[in-house]
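Architecture at a glance
Letter by letter, the chains look like this.
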Amino acid sequence: YKGRCLVFVNTIAVLRRVSAILQHLQIQGLSTLHANMQQRQRLKHLDRFRSNENGVLVATDVAARGLDIPEVKFVIHYGVSNLMKYVVVCRHH
């Protein structure tokens, strides 16, 4: 692919899983952003993402509110359905 990609996730746990998968796939220019990061660290990761025309930023939707990043070509909201939790619980009954 060509162009910046922003991936929104619901929780930090999902962010870590998605980031690990992307690292395993050797996706270049990968950065993360979540609410538990120090402000200096967040800014560093945002700068890294902005400076890479093919960067990928995985961010919790809470941490990413109010971001203004030009030229983002792809926006993905990755969410695991609560239905799967229900199905797993029902299987054990």
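These numbers were taken from a predicted model, which means no experiment stands behind them.

Rules of the game
Residues numbered from 1 in each chain as written. Predicted model: local features only at pLDDT ≥ 70, side-chain atom pairs only at ≥ 80, totals over all residues. Heavy atoms only, no water. Helix = DSSP H or I, 4+ residues; strand = E, 2+ residues; numbered from the N terminus. Expected span 1.5 Å × (residues − 1). Buried < 20%, exposed > 50% of the residue type's maximum accessible area, 1.4 Å probe, protein only. Arc of directions from axis to C-beta. Contact = heavy atoms within 4.5 Å. Core = buried A, V, L, I, M, F, W, Y, C linked by side-chain atoms within 4.5 Å. pLDDT = per-residue confidence, 0-100. Pairing = 2+ DSSP bridges. Axes fitted to C-alpha atoms, helices over the stretch in contact; angles between N-to-C directions.

1. Some points on helix α1 (residues 12-24)
Here α1 contains 13 residues, and its C-alpha end-to-end distance of 18 Å stays within 8% of the 18 Å for a straight helix at 1.5 Å per residue. Buried residues of α1: Ile12, Val14, Leu15, Val18, Ser19 and Leu22, and no others. One side of α1 holds all its buried residues, which, seen down the axis, span an arc of 150°. Opposite its buried face, α1 presents the exposed residues Arg16, Arg17, Ile21 and His24, each directed more than 90 degrees away. Contacts from the buried residues of α1 go to β1 (4-9), β2 (30-33) and β3 (56-60). Positive backbone phi, at 60°, marks Gln26, one or two positions downstream of α1.

2. Describing helix α2 (residues 39-51)
The periodicity of an α-helix, 3.6 residues per turn, causes residues three or four positions apart to be oriented the same way. Over its 13 residues, α2 runs 18 Å from end to end, which matches the ideal 18 Å to within 8%, given 1.5 Å per residue. Looking at the buried positions of α2, the neighbouring elements they touch are β1, β2, β3 and β4 (72-77).

3. Section: the nonpolar core
Within the largest apolar cluster, 10 residues are counted, these being Cys5, Val7, Val9, Val14, Leu15, Val18, Leu22, Leu30, Val56 and Val58. Listing elements by their share of this core, those giving two or more residues are β1, α1 and β3. Counting residues per element, this core draws most heavily on α1, which supplies four residues. When neighbours within four sequence positions are excluded, Leu15 is seen to be in contact with Val9, Thr32, Leu33, His34, Val58, Ala59 and Thr60.

4. Examining the confidence of the model for the chain
Summarising the model, the chain shows a mean pLDDT of 83, and 82% of its residues fall at 70 or more. Across the chain, the secondary-structure element scoring lowest on mean pLDDT is helix α3 (residues 82-91), at 48, and the one scoring highest is β2, at 95. Scored below 50 in pLDDT, residues 86-93 shows zero contacts in the model against residues more than four places distant or in partner chains.

5. Describing the sheet that holds β2
What the four strands build is an open sheet, ordered β2-β3-β1-β4; its pairing is parallel. In the strand order of this sheet, the two ends are held by β2 and β4, each with one partner. Here the average twist between neighbouring strands, direction ignored, is 20°. Sheet topology note: the β1/β4 ladder contains five bridges and is parallel. Pairing of Leu6 across the sheet is with Val75, part of β4. Contacts from α1 reach β1, β2 and β3 within the one sheet, and its direction differs from that of β3 by about 165°.

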